[in-house]
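Given next are the chains, with one letter for each unit.
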Amino acid sequence: MPRIARMIVKGEDMVYHVISRTALDGYVMGDIEKEYLLKLIKKLSSIYFAEVLGFCLMGNHFHLVVRMHTGEKYSDDEMQRRFQLYYGDNNRELTDGQTPYFREKWSNLSEYVKEIKQGFSRFYNKLHHRKGFFWSDRFK
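In this text the structure is predicted, and so the values were computed from the model without any measurement. Residue numbers run consecutively from 1 along every chain, following the written order of its sequence. Per-residue local features are limited, in this predicted model, to residues with pLDDT of at least 70; the limit for side-chain atom pairs, both in listing and counting, is 80 or more; totals at the level of whole chains, interfaces and linings are taken over all residues. Side-chain numbers here rest on the full set of heavy atoms in the structure, without hydrogens or water.

Colleague: Is there a simple way to explain the layout of surface pockets in this structure?
Modeller: The gaps of empty space that remain are located by a probe, the size of a water molecule, rolled over the atoms. Its boundaries defined by the atoms lining it, the second largest pocket holds a volume of some 230 Å³. Throughout, the protein atoms alone are placed on a 1 Å grid, and a set of points is a cavity if a 1.4 Å probe fits but cannot get out or a pocket if it is open with protein on both sides within 12 Å along at least five of seven lines; lining residues have an atom within 4 Å of a point. What lines the second largest pocket is Y36, K39, L40, K43, L44, I47, Y86, E115, Q118, G119 and R122. Of all the secondary structure elements, the ones that give two or more residues to the lining of the second largest pocket are α1 (31-47) and α4 (109-127). Considering each element in turn, the lining of the second largest pocket owes the most residues, six residues, to α1. Considered class by class, the residues forming the lining of the second largest pocket number five nonpolar, two polar and four charged. Grid points are joined across faces, edges and corners, and a volume is the space filled by probe spheres set on the points. In DSSP terms, a helix is any run of H or I states spanning at least four residues, a strand is any run of E spanning at least two, and both are numbered starting from the N terminus. Only Asp, Glu, Lys and Arg are considered charged, only Ala, Val, Leu, Ile, Met, Phe, Trp, Tyr, Cys and Pro nonpolar, and every remaining residue, Gly among them, polar.

Colleague: Where do I start with the packing of aromatic side chains in this structure?
Modeller: Aromatic ring pairs are described here by two measures, namely the spacing of the ring centres and the angle between the planes. Centres within 6.5 Å make a pair out of two Phe, Tyr or Trp rings, where for Trp the six-membered ring is used; the pair is then stacked when the planes are under 30 degrees apart, edge-to-face when over 60, and tilted otherwise. Counted under the stated rule, the structure contains 17 aromatic pairs. Taking 6.3 Å as the distance between ring centres and 70° as the angle between the ring planes, the aromatic pair formed by Y86 and F102 counts as edge-to-face. Of this pair, Y86 sits in helix α2 (residues 76-87) while F102 sits in helix α3 (residues 99-105), and the two are 16 residues apart along the sequence. Ring pairing ties together the aromatic residues F49, Y74, F83, Y86, Y87, Y101, F102 and W106, which thus form one cluster.

Colleague: What should I look at first to understand the sheet that holds strand β3 (residues 61-68) in this one?
Modeller: Picture the strands of a sheet paired through backbone hydrogen bonds; they go either parallel or antiparallel. For two strands to be treated as a pair, DSSP must find no fewer than two bridges joining them. Spatial strand order, β1-β3-β2: three strands in an open sheet with antiparallel pairing. Edge positions in the sheet fall to β1 (14-21) and β2 (50-57), since each has one partner strand and no second. Sheet twist, expressed as the mean angle between neighbouring strand axes with direction ignored, is 15°. Where β1 meets β3, eight bridges bridge the pair, whose relative direction is antiparallel. Residue V15 lies in a different strand from β3, and its bridge partner there is R67. Should any heavy atoms of two residues lie within 4.5 Å, those residues are considered in contact. Axes, fitted as lines to C-alpha atoms, cover a helix only where it is in contact. Angles between the N-to-C directions of the axes lie from 0 to 180 degrees. The strands touched by α1 within the sheet are β2 and β3, with β2 carrying the most contacts at an inclination of about 170°. Its contacts with the sheet place α4 against β1, β2 and β3, and it is angled at close to 145° to β3.

Here it is as structure tokens:
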């Protein structure tokens, strides 16, 4: 049976409550892990068209209340600034052909949460010398 599609509204600003749980037993996120997760959320929120309205970082899951904005309201200069922030390279230029791709990507809730979860998983696994999944399911 296929998964039920998420209710994602395209073409207008929307607010979403995001929840994601770990696949590990117990409360595996301590202060160091929570601090990194918060830092990662802040960084990605400055790149993606995401406005975090509220959050809660728990020992085994997190909640985000986020408003996703459409990409049309951002100027080409703002897109270039975010592109350089995304790649960490002030010499890298966003081409006209890439602009529509990044407008779509940075206004996409699933892409935003995917980068948060993947970035944190890499950090956690490296910190704790482990391999494998960290998050249990898709975000809700």
